[in-house]
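Coordinate analysis (summary)
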Amino acid sequence: MNPIVPNSDPLLNDLRSLIAQSRQQIAAVINAEITLLYWAIGKRINEEILNQGRAEYGKQTIRRLSEQLIAEFGRGFSIANLTNAVELARLYPDPQIVQTVSEQFSWSHFVTFVTIKDELKRDFYMQMARLERWSVRRLQKKLDGMLYERTAISRLPEETIRLELTQLQNDNQLSPDLVFRDPYVLDFLGLENNYSEQELEDAILSELQKFIIELGSDFAFMARQKRIVIDGEDHRIDLLFYHRRLRRLVAIDLKLGRFKAAYKGQMELYLGWLKQYEMLEGEASPIGLILCAEKTREHIELMQLDKGDIRVAEYLTHQLPTTVLEQKLHLAIEQARQRLDFPKDEE
């Protein structure tokens, strides 16, 4: 296909737009039909397997059907695809739910979704993928990076998580708990073991696109070293962003080492100034994010920083092994739920 060359002809440009729009609509319809076909196939196989009530019969049935369907219709009916179709129909027995989301995702998206066993976790990835238009590759990368476990909402009671995901699905309404993460993985900065706050900031700005991807797609960069004057004294906000869906200014303060109590007062000063002089009509109050190399859990708990407009998170300049990161995040979730008097999930 020849590349599209910009042209000043308004008629030609209009026709290009019509063609591109039509192609997108056709692709959405095809994706929906493929997904609904696999769902119907999975539902029918499920019915047959349930009637027999034997797991081994189910495996044999899928193997036999796969061989026959591939011979007649091609490789799209592999054992893996039929197994995923069965799982999709089991997870979503209501065809209306599948119909609603089928035009927003490819079958490959659904293949990834059905591998997520936890319902709330699966719903989180589905809603975020829809909202931020993730490709299958991006979705898998978010899963591999344990985005759900790093997002503040994972530390909340199940009822709260369900409510916030429902609001996101129905109204595209994001809460700070769906936006902020801990830790932030900044391994793309290429920093060595010894670096200064200035070098950290410089590295972030040189890799701003990747930093925003890690923050979330609705963040818009506004300023670096934002100068504010209070009682004749100069202060500097390291990084200032705006979050479109929250409609809030986001001040980010970069700190080396462990979190200190004094950082809270400093951020409160920044947020007060932003609210007084920068916040526009219709916007919500500014929110602050203090990024530290290490959190001090008791400080944060006593200062109730997990409940207000100041968030504290760690950053990792080198990716941890998956098992280490998993242990670290599961411990953080367990500690947060204990503080909320929320019972542990039964194994």
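Preceding this paragraph is the structure being described.
Structure report, in brief. These numbers come from a predicted model, not from an experiment.

Some thoughts on the packing of helix α6 (residues 119–132) against helix α9 (residues 158–171)
When two helices pack together, their arrangement is given by the angle between the helix axes and by the axis-to-axis distance. Interhelical geometry of α6 versus α9 gives an angle of 25° and a closest axis separation of 10 Å. Taken together, the axis directions place α6 and α9 in an arrangement best described as roughly parallel. The two elements α6 and α9 cross, and the hand of that crossing is left-handed. In contact with Glu119, Leu120, Asp123, Phe124, Gln127, Met128, Arg130 and Leu131 of α6, α9 contributes Glu158, Ile161, Arg162, Leu165, Leu168 and Gln169. When its residues are assigned to classes, the contact of α6 with α9 shows seven nonpolar, two polar and five charged.

Notes on unusual backbone geometry
With an omega of 0°, the peptide bond between Asp182 and Pro183 qualifies as cis. For Pro183, the location among the structural elements is in the loop between α10 (176–179) and β1 (184–185).

Quick word on the nonpolar core
Core analysis: the biggest nonpolar cluster contains 69 residues, and Phe124, Tyr125, Phe211, Phe241, Ile252 and Leu291 have the highest contact counts within it. Element by element, the count of residues in this core is highest for α6, at seven residues. When neighbours within four sequence positions are excluded, Phe241 is seen to be in contact with Leu208, Phe211, Ile212, Leu215, Phe219, Ala220, Phe221, Met222, Arg248, Leu249, Val250 and Ile252. One finds Ile230, Ile237, Ala251 and Phe259 within the second-largest nonpolar core, a separate group that totals 21 residues.

Considerations on the pattern of salt bridges
Evaluation of the coordinates by the stated rule reveals 22 salt bridges. In this structure, Arg224 and Glu201 form a salt bridge, with 2.6 Å as the shortest nitrogen-oxygen distance. Separated by 23 residues along the polypeptide, Arg224 in strand β2 (residues 219–230) and Glu201 in helix α11 (residues 197–206) bring together distant segments of the chain. Between Asp202 and Arg224 there is a salt bridge, with the nearest N and O atoms lying 2.0 Å from each other. Linking Asp202 in helix α11 with Arg224 in strand β2, this pair joins segments that are 22 residues apart in sequence. Through salt bridges with shared partners, a single ionic network connects Glu87, Arg90 and Lys117.

Cut-off values and rules
- Here the residue numbering is sequential within each chain, running from 1 through the sequence in written order.
- Only residues with pLDDT of at least 70 get local features here, since the model is predicted, and only at 80 or more are side-chain atom pairs given and counted; chain-wide, interface and lining totals rely on the full set of residues.
- Think of the side-chain values as coming from all heavy atoms in the structure, minus any hydrogens and water.
- The axes used here are C-alpha line fits, helices contributing only the stretch in contact, and every angle between their N-to-C directions lies in the interval 0 to 180 degrees.
- Helix and strand definitions here come from DSSP, where helices need a minimum of 4 consecutive H or I residues and strands a minimum of 2 consecutive E residues; each element is numbered from the N-terminal end.
- Just so you know how the angles are binned, under 35 degrees is roughly parallel, over 145 roughly antiparallel, 65 to 115 roughly perpendicular, and the rest oblique.
- By definition, turning the near helix anticlockwise from the far helix through less than a right angle yields a left-handed crossing, and turning it clockwise yields a right-handed one.
- Two residues form a contact once any of their heavy atoms are found within 4.5 Å.
- Ten residue types, Ala, Val, Leu, Ile, Met, Phe, Trp, Tyr, Cys and Pro, are classed as nonpolar, four, Asp, Glu, Lys and Arg, as charged, and the remainder, Gly among them, as polar.
- Nonpolar core, defined: a set of buried Ala, Val, Leu, Ile, Met, Phe, Trp, Tyr and Cys residues in which side-chain atoms within 4.5 Å join the residues together.
- Exposure categories follow from relative accessible area, calculated using a 1.4 Å probe and restricted to protein chains: below 20% of the type maximum is buried, above 50% is exposed, and the middle band is partly exposed.
- By definition, a salt bridge exists where a carboxyl oxygen of Asp or Glu is found within 4 Å of a side-chain nitrogen of Lys or Arg.

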